[in-house]
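Results of the structural survey
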Amino acid sequence: METDLQANLRKYYTNIRLSGGFIIVYIFWQILKMLMLMFFGYENVYDFFEVSKEDYESLKYILIIITVLIYFVFFSFHLYVGIGAFRFRSGQKIKKRFIVATVILLVMSVWSAFQNFYKDNIDDTVIASFILDATLCFILSDLLITLFKIKKSQKLVEG
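Residues numbered from 1 in each chain as written. Predicted model: local features only at pLDDT ≥ 70, side-chain atom pairs only at ≥ 80, totals over all residues. Heavy atoms only, no water.

Before going further, it helps to examine the overall build of the chain. Along its length, the chain carries 5 helices and 0 strands. Along the chain, from the amino end to the carboxyl end, the secondary structure elements read α-α-α-α-α. Burial statistics for the chain: of 159 residues in total, 32% are counted as buried. Put simply, of all contacts in the chain between residues at least 6 apart along the chain, 73% involve residues at least 24 apart. As presented, the chain carries roughly 10600 Å² of accessible surface, and 66% of it is formed by carbon and sulfur atoms. (Helix = DSSP H or I, 4+ residues; strand = E, 2+ residues; numbered from the N terminus. Buried < 20%, exposed > 50% of the residue type's maximum accessible area, 1.4 Å probe, protein only. Contact = heavy atoms within 4.5 Å. Areas by Shrake-Rupley, 256 points an atom, 1.4 Å probe, with all protein chains shown as cover.)

In this section: the packing of aromatic side chains. All told, the structure shown has 6 aromatic pairs when counted by the stated rule. Seen in terms of ring centroids, Y13 and F88 are 5.8 Å apart; in terms of plane orientation they differ by 40°. Their pairing is tilted. Of this pair, Y13 sits in helix α1 (residues 2-40) while F88 sits in helix α3 (residues 53-89), and the two are 75 residues apart along the sequence. F88 shares its class with Y13; the two are buried. Taken together, a centroid distance of 6.5 Å and an interplanar angle of 55° make the contact between Y80 and F98 tilted. Of the two residues, Y80 is situated in helix α3 and F98 in helix α4 (residues 96-115); the sequence distance between them amounts to 18 residues. In this structure F98 comes out as buried when scored by relative accessible area, which is 4%. Members of the aromatic cluster, each reached through a chain of ring pairs, are Y71, F74 and F75. (Phe/Tyr/Trp six-rings, centres within 6.5 Å; stacked < 30°, edge-to-face > 60°.)

What follows concerns the confidence of the model for the chain. Averaged over all residues, the pLDDT of the chain equals 82, while 88% of them reach at least 70. The spread of mean pLDDT over the elements of the chain runs between helix α2 (residues 45-49), the lowest at 61, and α4, the highest at 88. (pLDDT = per-residue confidence, 0-100.)

Following this line, the structure appears as structure tokens:
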């Protein structure tokens with residue numbers, strides 16, 4: 001019985017490591033998607049921010065700073081959850097803020113997966129984004145489920 005629990009724990013820890021790795025790799029897809037959108041998706045920068053040329057000239061720095069901050073927060077959540085999964089895999093205790101960050105990231109990912117379909121034109125990039133966003137949702141859900149399975153298995157091993 002204990003051998004089965006140990007084997008399950010090893011499987012769960014491997015799953016945690018793989019999930020953390022995917023989440024970190026997903027950041028690079030998001031950066032690539034953001035750059036493609038900014039450089040190839042719009043005729044000019046005014047269309048990206050959906051403002052007129054005059055409004056953009058007066059709000060240029062504020063818009064850029066806000067955009068960079070939003071992307072920074074978004075990427076920070078991914079990085080925190082991905083690195084947290086690696087830390088947990090290496091033996092550190094799980095913190096409640098890691099679980100909260102994972103749930104917040106899951107909610108943001110579900111929203112991101114479906115917000116692409118509210119556009120007028122659905123092209124290959126939108127479909128690829130949906131597939132990757134849906135995969136991220138699955139990975140985050142699996143990560144949360146695996147964390148709770150590990151806690152349950154550790155309690156069985158200890159007590």
